[in-house]
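An overview of the molecular structure
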Amino acid sequence: DLVLQGKQQTTLRFIIPVFEEARRTNNLLGLAECANCYGTLYIATGDNVQATKYMQEALEYCHKLGNEAVNTQMDIYFKLCNVYFTDHKYKEAFNLTATYLTDIDRAVRRKDATVNVDGRYALCYFLRGTAAYNLKDKEETLACLEKILAHTDNGKQMEVQVETLRMYAAAIQGEYDTAIATADELIE
């Protein structure tokens, strides 16, 4: 929340001691969440190199935690794909969505009630479709659009998600006024 308010230094003041304690006690969940916070902080400041480093570190901790951190892990995939998009690393984003899909498939097999399966599939296919579109893979782009519709009852369940995606897309393109206006609408 502090990151979203643009209070990076205050955010660091809170996270540094928590991160140090998590490292000292080898608390994997704490390490994953702190690395995720650091990554988010660097996304907010536009430092994609550091953002990628910390997001990948957070993913390593999540993988070790397994099912316990599955939702955090999926949130990180979303953030990391957006970092890749801003760096025009569409192949990396496309490859990351394959891992994302595997994790959703596993959640389905275990009947994990904590995972919003349709929402996750829709979001993952949106990211995958965006990457495919930028890689000029028309067939994969169309397949992803069809899968988004299939998982969202022809888009009905996507109302809030579509607005969220619009907000991120605007921010990625540097249209900050549009992104902020969309965020205000979502908050209302």
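All figures in this text were calculated on a predicted structure; none of them were measured in a lab.

Re the nonpolar core
Phe19, Met74, Phe85 and Tyr100 are the most contacted members of the largest nonpolar core, which totals 45 residues. Of all elements in the fold, only helix 1 (8-25), helix 2 (28-45), helix 3 (48-65), helix 4 (70-86), helix 5 (90-109), helix 6 (117-134) and helix 7 (138-151) reach the threshold of two or more residues within this core. Element by element, the count of residues in this core is highest for helix 4, at nine residues. Excluding anything up to four places from it in sequence, Tyr100 contacts Met74, Tyr77, Arg120, Leu123, Cys124 and Leu127.

Structural notes on the packing of helix 4 against helix 5
At a minimum axis separation of 9 Å, helix 4 and helix 5 run at an interaxial angle of 165 degrees. Judged by the angle between their axes, helix 4 and helix 5 are roughly antiparallel. For the pair helix 4 and helix 5, the crossing hand works out as left-handed. The segment helix 4 lies against helix 5, with Gln73, Met74, Tyr77, Leu80, Cys81, Tyr84 and Phe85 engaging Tyr90, Glu92, Ala93, Leu96, Thr97, Thr99, Tyr100, Asp103 and Ile104. Partitioning the contact of helix 4 with helix 5 into residue classes produces eleven nonpolar, three polar and two charged.

Overview of helix 7
The first and last C-alpha atoms of helix 7 sit 20 Å apart over 14 residues, in line with the 20 Å expected at 1.5 Å per residue. Buried within helix 7 are the following residues: Glu140, Thr141, Cys144, Ile148 and His151. End-on, the buried residues of helix 7 take up no more than an arc of 100 degrees, which puts them together on one face. Opposite the packed face of helix 7, turned more than 90 degrees from it, sit the exposed residues Lys138, Glu139, Leu142, Glu146 and Ala150. Elements that come into contact with the buried residues of helix 7 comprise helix 5 and helix 6.

Calculation rules
- Residues numbered from 1 in each chain as written.
- Predicted model: local features only at pLDDT ≥ 70, side-chain atom pairs only at ≥ 80, totals over all residues.
- Heavy atoms only, no water.
- Core = buried A, V, L, I, M, F, W, Y, C linked by side-chain atoms within 4.5 Å.
- Buried < 20%, exposed > 50% of the residue type's maximum accessible area, 1.4 Å probe, protein only.
- Helix = DSSP H or I, 4+ residues; strand = E, 2+ residues; numbered from the N terminus.
- Contact = heavy atoms within 4.5 Å.
- Axes fitted to C-alpha atoms, helices over the stretch in contact; angles between N-to-C directions.
- Parallel < 35°, antiparallel > 145°, perpendicular 65-115°, else oblique.
- Left-handed = near helix turned anticlockwise from the far one by under 90°.
- Nonpolar A, V, L, I, M, F, W, Y, C, P; charged D, E, K, R; others polar.
- Expected span 1.5 Å × (residues − 1).
- Arc of directions from axis to C-beta.

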